[in-house]
Amino acid sequence: MASIMQTQAGDAGAFRSFDLSRVPSPCFVVDEAAIERNLSILHDVGERSGATVLAALKAFSMFSLAPLTMRYLSGVCASGLYEARLGREEYGGEVATYCAGYKPGEIDEIIGLSDHMIFNSPAQKDRFLPRIGTASRPVHVGLRINPEHSEGEIPKYDPCAPGSRLGTPLSQITADMLEGVDGFHMHTLCEQGFEPLLRTWNAIEDRISPFLKDLKWLNFGGGHHITREDYDREGLIAFIRDLREKTGLTIYLEPGEAVALDAGILVGEILDLPTNGVDLAITDISATCHMPDVIEAPYRPAMLGEVESGHTYRLGGPSCLAGDVIGDYTRPEPLRIGDRIAFLDQGHYSMVKTNTFNGVPLPSIALWNSETDELRMIREFEYADFRNRLS
Ligand SMILES: Cc1ncc(COP(=O)(O)O)c(C=O)c1O
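Residues numbered from 1 in each chain as written. Predicted model: local features only at pLDDT ≥ 70, side-chain atom pairs only at ≥ 80, totals over all residues. Heavy atoms only, no water.

With respect to the overall build of the protein chain
Across its full length, the protein chain carries eleven helices and 17 strands. The C-alpha atoms of the protein chain give 22 Å as radius of gyration, which agrees with the globular expectation for 391 residues (21 Å, within 12%). Expressed along its principal axes, the backbone C-alpha trace of the protein chain runs to roughly 65 × 45 × 45 Å. Within the protein chain, the proportion of its 391 residues that are buried is 53%. Within the protein chain, contacts between residues at least 6 apart in sequence are counted, and of these 70% link residues at least 24 apart. Carbon and sulfur atoms make up 49% of the accessible area of the protein chain, which totals about 17,000 Å². (Helix = DSSP H or I, 4+ residues; strand = E, 2+ residues; numbered from the N terminus. Rg over C-alpha atoms; globule rule 2.2 N^0.38 Å. Buried < 20%, exposed > 50% of the residue type's maximum accessible area, 1.4 Å probe, protein only. Contact = heavy atoms within 4.5 Å. Areas by Shrake-Rupley, 256 points an atom, 1.4 Å probe, with all protein chains shown as cover.)

Examining the packing of helix H6 (residues 194-212) against helix H7 (residues 233-247)
Between H6 and H7, whose axes approach to 12 Å, the crossing angle comes to 5 degrees. When the interaxial angle is binned, H6 and H7 end up roughly parallel. Across from Phe194, Leu197, Leu198, Trp201, Glu205 and Leu212 in H6, the residues of H7 making contact are Gly235, Leu236, Phe239, Leu243, Lys246 and Thr247. Class assignment of the residues belonging to the contact of H6 with H7 gives a composition of eight nonpolar, two polar and two charged. (Axes fitted to C-alpha atoms, helices over the stretch in contact; angles between N-to-C directions. Parallel < 35°, antiparallel > 145°, perpendicular 65-115°, else oblique. Nonpolar A, V, L, I, M, F, W, Y, C, P; charged D, E, K, R; others polar.)

Some points on the pairing of strand E15 (residues 340-344)
The buried fraction of E15 is high, at four of five residues. Bridge count for strand E11 (residues 264-272) against E15 is five bridges, and the pairing is antiparallel. Bridge pairing in E15 links Ile265 to Leu344. (Pairing = 2+ DSSP bridges.)

Re the packing of aromatic side chains
Taken as a whole, this structure holds twelve aromatic pairs when the rule is applied. What links up through ring pairs into an aromatic cluster is the set Phe194, Trp201, Phe220 and Phe239. (Phe/Tyr/Trp six-rings, centres within 6.5 Å; stacked < 30°, edge-to-face > 60°.)

Topic: the domain arrangement of the protein chain
For the protein chain, the domain assignment lists domain 1 (13-29 + 263-387) and domain 2 (50-260). Computed over C-alpha atoms only, the centres of domain 1 and domain 2 are separated by 33 Å. With 15 residues of domain 1 at the interface, the matching set in domain 2 holds twelve residues. Of the roughly 1,100 Å² buried at the junction of domain 1 and domain 2 (both faces included), carbon and sulfur atoms supply 62%. Of all residues in domain 1, His348, Tyr349 and Val352 bury the most surface against domain 2, accounting for 43% of the area lost on that side. On the surface where domain 1 and domain 2 come into contact, there are zero salt bridges. Taken together, domain 1 and domain 2 are joined by three residue pairs in polar contact (both at pLDDT 80 or more). Within the residue set of the side of domain 1 that touches domain 2, elements represented by two or more residues are helix H10 (293-296) and strand E16 (364-368). Per-element accounting of the side of domain 1 that touches domain 2 gives the leading share, three residues, to E16. (Domains from an automatic or database assignment. Buried area = accessible area lost by both parts, 1.4 Å probe. Salt bridge = Lys/Arg side-chain N within 4 Å of Asp/Glu carboxyl O. Polar contact = N/O pair within 3.5 Å; in protein donor to acceptor, adjacent residues only side chain to side chain.)

Things to note about the site of the ligand
Taken together, Ala56, Lys58, Ala59, His185, His187, Gly222, Gly223, Glu254, Pro255, Gly256, Glu257 and Tyr349 form the complete shell of residues around the ligand. In the model, an oxygen atom of the ligand is placed 2.8 Å from a nitrogen or oxygen of the Gly223 main chain. When the free accessible area of the ligand is taken as 400 Å², the share hidden by the protein chains comes to 90%. Across the shell around the ligand, the residue classes tally to four nonpolar, five polar and three charged. (Near = heavy atom within 4 Å.)

Have a look at this one:
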């Protein structure tokens, strides 16, 4: 998620010095140096703990940074056919694919692209196990379990919430379900520190341990905010080392958000400044088209240069949706038409979720290096990108 906190704190970092007029509007600007810093932290955690760290493409799949990503991580985790293909073709390394439901028409292609095929239920695993047997190279089989231990407070982001469709409840697992299974997968956290992972493990250790002796690996999914400053990385490293020693299993982590945390902004422009009881500002950034988590999570993204007291505006997008509102923001100076603005921490879960509702143009994508100040336009979108999704 771009943030499940109702109000995101946001760290402007090096973007404080970025001249917003250097890019077209709207535009995602990703700081390559910040991505590399995150990747090197993840690499260090992998090295010192012995865990295999995969980048979750669902959060951040800016494949122009694939070579950089692969200098630090072992591969990617994918959510289905298209991400598995992107992972295999653009990134290389290991591809671990998990999908809540695979389709027979796609399964052979996904198997051909994946090193790990992770199933949501024993029924899906049994249905497609014979297909894995025909693969031209060894493919590991995983089963996603639901540890039935909630650490998330928001049901929408809690795969262990009552009635969840994600993973097989641990209480339902029996030894005969594990035929052909090489590993367990669990994904239960969202933007969380190490302690929730430890509590989850402590809650399930006794029940899960009898099954582990027949497995090769254990995948703890994503949701680990490993690159956040206050994350207890030493705790995570010690935990994984201990677990590897006790169980002999290979441990996988699939961070997504942590790869791009505080490494991207979304630049926009003020188009109009009407009033209606409050001061309004219309921008070319649409919450519903460009930052859908603002509405879906919901949350209020932090803005570059916002202050506690000054001139307050309710910012919203150009679309017809009454709820296309980003939030209320206070600036030190009155806004003017044509001013540039930027929302912080938009590298993950925004770029991957954009859409062209109302024909609103997609933001361009730029890569900036805060250490060298080099700026490269990676992509600009046009009418054809809108039209090609329609018929
Ligand atoms: C199975 C799985 N792995 C990895 C991730 C990445 O999580 P995050 O971006 O929060 O680290 C997710 C996120 O939903 C997921 O569902």
